[in-house]
Amino acid sequence: MFRLSNNLIGILNFITFLLSIPIIWAGVWLRNNGSSECERFLDTPVIVIGVFLLLVSVAGLVGACCKNSCLLWIYLVVMFLLIVLLFCFTIFAFVVTNKGAGQVLSGRGYKEYKLGDYSNWLQKRVTSGKNWNKIRSCLVDGKVCSKFNETYLSDTVEQFYTERQSGCCKPSDECGYTYVNPTTWTKTITNSSNPDCAAWDNQPDVLCFNCNSCKAGLLDNLKRDWKRVAIVNIVFLIFLIIVYSVGCCAFRNNRRDNSYPAGWKA
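Fair warning: this is a prediction, and the values are worked out from it, not measured in the lab.

Overview of the pattern of salt bridges
Stage number 1. Scanning the model with the defined rule gives 4 salt bridges in all.
Stage number 2. Notably, a salt bridge pairs K170 with D173, separated by 3.1 Å at the nearest N-O pair.
Stage number 3. On the accessibility criterion, K170 (4% relative accessible area) is buried.
Stage number 4. A salt bridge links D220 to R224, with the nearest nitrogen and oxygen atoms 2.6 Å apart. In this pair, D220 and R224 are both assigned in helix α10 (residues 212–259), 4 residues apart and thus about one turn of the helix distant.
Stage number 5. Taking relative accessible area as the criterion, R224 reaches 32% and is therefore assigned partly exposed.

Next comes the structure, spelled out in structure tokens:
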């Protein structure tokens, strides 16, 4: 007698198997056609995720439909480890994104960000030269500041200061530089001790990409994104626990059916 739990696990893993194929294809496409280091950086993780989903879904599908207790046991162990890892990551994401917020400036429509306001773990990720060079390359390749310049090019200086700003595309207000256009500023003598003032340059591939305010602005975006991901993870975690529970029922059914003498019928 084929059980409902086996059917459900089989259907879910068949769907996962189908989804894994375009994921693997996307990773291979990025590896062969990625136009920037940023895109090529994603190919290996995407391929690994696709292959992982493929192998796990095959184990669950064969284990449930062919009543292979060994494969189903492996499937359940992997699912259990995935649930534990996802739970730990969700807690970690909430902890490391608990600190940090932009500083509201009087008469400005934007905030300025300080690197020291964020968690030490996040700071280390962007202060590492190797990590930041890759991130910086992605920002430059993505033409973040070119789009920023095009958006606010026709603004007067008064209008510009009321708009939402990017810490990577303009110098800090502390520097007191003279506005020419959104990504061009005339350097003046400043008494500010902010190292971002010396780091600023009008060259399109330099600007403030090496500034602490740029790194802090990135961390602020990362903080918001991680919190959204953590909330999605909670929903996904509940789904995985339900699937794991159904899988346990299917495994129990397999063990029970395999223990009956050949020819026994319900």
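Here the narrative resumes, following the displayed structure.
So, the nonpolar core
General note: in soluble globular proteins, nonpolar side chains tend to be found buried as a group.
Stage number 1. Formed by 27 residues in total, the largest nonpolar core has its most connected members in F160, W185, F209 and C214.
Stage number 2. Residue contacts for F209: discarding those within four places in its chain leaves W132, R136, L139, V140, C145, C168, P204 and C214.
Stage number 3. In this structure, I83, L237, V246 and F251 belong to the second largest nonpolar core, which totals 16 residues.

Digging into the packing of helix α3 (residues 43–65) against helix α4 (residues 69–96)
Stage number 1. Taken N-terminus to C-terminus, the directions of α3 and α4 make an angle of 135°; their axes are 7 Å apart at the nearest point. Considering their axes alone, α3 and α4 lie oblique with respect to each other. In the crossing of α3 with α4, the sense of the turn from one axis to the other is left-handed. Contacts between α3 and α4 involve F52, V56, A59, G60, V62, G63 and A64 from the former and L71, L72, Y75 and V78 from the latter.
Stage number 2. A breakdown of the residues in the contact of α3 with α4 according to their chemical character gives 9 nonpolar, 2 polar and no charged.

Regarding the pairing of strand β3 (residues 178–181)
Stage number 1. Strand direction decides the pairing type here: β3 and strand β4 (residues 184–186), joined by 3 bridges, are antiparallel. Pairing of Y179 across the sheet is with W185, part of β4.
Stage number 2. Once β3 ends, the chain turns through 2 residues before running back antiparallel as β4.

Digging into the state of the cysteines
Stage number 1. The final tally for this structure, using the stated rule, is 4 disulfides.
Stage number 2. What pairs with C145 in a disulfide is C169, and their sulfur atoms sit 2.0 Å apart. Classification of the bridge connecting C145 and C169 rests on its S-S torsion, roughly -90°, and on that basis the disulfide is left-handed. You can see C145 sitting in helix α7 (residues 144–152) and its partner C169 sitting in the loop between α8 (157–160) and β3, a full 24 residues away along the chain. Accessibility classification places C145 together with C169 in one group, the buried group.
Stage number 3. Between C168 and C214 runs a disulfide, and the two sulfur atoms are separated by 1.9 Å. Its torsion about the S-S bond being 85°, the disulfide of C168 and C214 is classed as right-handed.

What about the UniProt feature "transmembrane region" (unreviewed entry) in the protein chain?
Stage number 1. In this structure's numbering, the residues bearing the UniProt feature "transmembrane region" (unreviewed entry) are residues 7–26, 46–65, 72–96 and 229–251.
Stage number 2. Taken as a whole, residues 72–96 contains 100% helix and 0% strand, while its terminal C-alpha atoms sit 36 Å from one another.
Stage number 3. In the segment residues 229–251, helix accounts for 100% and strand for 0%; the C-alpha atoms at its two ends are 31 Å apart.

Details of the side chain of N149
Stage number 1. Summarising the element assignment, N149 is placed in helix α7.
Stage number 2. One polar contact links N149 to T183, side chain to side chain, over a distance of 3.4 Å.
Stage number 3. When near neighbours in sequence (up to four residues on either side) are disregarded, N149 contacts N181, P182 and T183.

Cut-offs and rules
Residues numbered from 1 in each chain as written. Predicted model: local features only at pLDDT ≥ 70, side-chain atom pairs only at ≥ 80, totals over all residues. Heavy atoms only, no water. Salt bridge = Lys/Arg side-chain N within 4 Å of Asp/Glu carboxyl O. Buried < 20%, exposed > 50% of the residue type's maximum accessible area, 1.4 Å probe, protein only. Helix = DSSP H or I, 4+ residues; strand = E, 2+ residues; numbered from the N terminus. Core = buried A, V, L, I, M, F, W, Y, C linked by side-chain atoms within 4.5 Å. Contact = heavy atoms within 4.5 Å. Axes fitted to C-alpha atoms, helices over the stretch in contact; angles between N-to-C directions. Parallel < 35°, antiparallel > 145°, perpendicular 65-115°, else oblique. Left-handed = near helix turned anticlockwise from the far one by under 90°. Nonpolar A, V, L, I, M, F, W, Y, C, P; charged D, E, K, R; others polar. Pairing = 2+ DSSP bridges. Disulfide = S-S within 2.5 Å. UniProt positions renumbered as here; feature names shortened; annotations may be inferred. Polar contact = N/O pair within 3.5 Å; in protein donor to acceptor, adjacent residues only side chain to side chain.

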